[in-house]
Amino acid sequence: FEERFTLGREDAERANAVQVFLDALAELAEGRPPAGVKAWLDEHPDQAGRFSFGRHHYKILLAIREDFLPELESMREHISAVALNRFRLRRMSGEAALLVVNQARHLIDSAVAEEVVRRVAAARAGAMLKDLEVDPALLSFVCRELNNKRRELGEPKITAGLLEANYKEVIREFYERSFVGLRPEVRSFVEDRLVTIGGYRDSVALDNALSTPGVSREAIEHLVNRRLLRMEERGGRQRLELTHDLLTEVVRASRDRRRELERAEREREAFQEEQEREQEERRQSLMRERAALALEKARRSRRVAVGLLVLALIAIAGAAWAL
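Residues numbered from 1 in each chain as written. Predicted model: local features only at pLDDT ≥ 70, side-chain atom pairs only at ≥ 80, totals over all residues. Heavy atoms only, no water.

A. Representation of helix 12 (residues 217-225). Three or more residues of helix 12 are buried, namely A219, I220, L223 and V224. One side of helix 12 holds all its buried residues, which, seen down the axis, span an arc of 140 degrees. Looking at the residues trailing helix 12, positive phi occurs at R227, about 70 degrees. (Buried < 20%, exposed > 50% of the residue type's maximum accessible area, 1.4 Å probe, protein only. Helix = DSSP H or I, 4+ residues; strand = E, 2+ residues; numbered from the N terminus. Arc of directions from axis to C-beta.)

Rendered as C-alpha cells:
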C-alpha cells in the first residue's frame, strides 16, 4: 500500500486516480455511501429502505512497510480506522510458521513443512519449534520458490527430495536476483560490511552505508523492498543488516568467490605488468646494444678514414720527395 505514497506522486493524472481510489476506499472503510448514491437518496428518500447501511460483507486489509507509518497517519482524517486497527507483522515462532505452511497440505506434507520452517529459521539440530524465530517475508519467498520448482518438475507435492535438491539453489537465486540493476559496489558493500570474517551477521549505520562510494539511498531501499536487508532504529540511528542468519552462508560464499576473482585479476594484472616491464627492459637493452654497435661502427669508420688520410699524406710526401 505504500505505493500510494510513492507512485501516486509521479504525475498529476496518477495523483488524481489515486485520490479517486482513496475516496472509494474511505467510503468502504467508514461505511459511508458513495457521494453519488447519497445524492440520489437525497432526491429519492423513499428508496432508502432498499439499502442496508449497518451490514458490511467485506473486510479491508492494508499491508505497508513500517517506515511509511507517518504517511499512513496522514489518512486518519479520511479513514479513522487506520489508527485503531493496526497490527505489526513480527517474526513468528516456529510453531506459528508451521501453522502457516500447513495451510497448503495439498502441496506439502507436514513433515516436509516442518523441515522448511527449520531451514528458514536456520535452526540448530534438536532445537524446539517454539524457540525458533522465522521471518515471514523470507518464509513466504522460500515457499513460493519451492512451489515454482515443483511446478517446473511437474510434481504433485513439495517433497523432501525436492527440498534437499533445490533449497540452497533457491536461496542463491534469491540473492543473485536482489542485485539485478544495481551497481557492483552495492553488492561489495553488503558482502564486505554486513557479514563478519567468521560468517556472522553484522550491522552498519545507514549514514555510514550511504557514504560508501556507489551506494545510494535508492539502492538500499531497493534491497529492503526485496527483503534482502532490513532497517531498524537502534539508539536513535537507523542501522542496516541482512534479514536473516540464513543468508550469511550464500553471502559469504559469494564474497569468497568475488575476492578470489579479484585476487586472480590482481595477479593477472601484476603478471601482465611484469611482462610489459620485461619487454620494455629488453627493448631498452636492444636499443642500447644497437646504439653501442652504431657508435663502434662510427669509431671504426673514423679510424679507417684517419688511416687512409695518413696513407694519403705519406703517399703525397713520398711523391713530393721523389720529385
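B. Local environment of the sheet that holds strand 4 (residues 229-234). Pairing is antiparallel across the open sheet formed by three strands, whose spatial order is 3-5-4. The open sheet has two free edges, formed respectively by strand 3 (204-205) and strand 4, since each of these has just one partner strand. Across two bridges, the pairing between strand 3 and strand 5 (residues 237-242) is antiparallel. Among the inter-strand pairings, A205 is bridged to a residue of strand 5, identified as R239. In this fold helix 12 packs onto strand 4 and strand 5, with an angle of close to 105 degrees to the strand it touches most, strand 4. (Pairing = 2+ DSSP bridges. Contact = heavy atoms within 4.5 Å. Axes fitted to C-alpha atoms, helices over the stretch in contact; angles between N-to-C directions.)

C. Broad picture of the packing of helix 7 (residues 110-120) against helix 9 (residues 160-178). Where helix 7 meets helix 9, the axes come as close as 10 Å, and the angle between the chain directions of the two elements is 20 degrees. Considered as vectors, helix 7 and helix 9 are oriented roughly parallel to each other. You can see that helix 7 and helix 9 cross each other, and the crossing is right-handed. When helix 7 is examined against helix 9, the residues V112, E115, V116, R119 and V120 are found in contact with a partner set consisting of A160, L163, E164 and Y167. Here the residues of the contact of helix 7 with helix 9 sort into six nonpolar, no polar and three charged. (Parallel < 35°, antiparallel > 145°, perpendicular 65-115°, else oblique. Left-handed = near helix turned anticlockwise from the far one by under 90°. Nonpolar A, V, L, I, M, F, W, Y, C, P; charged D, E, K, R; others polar.)

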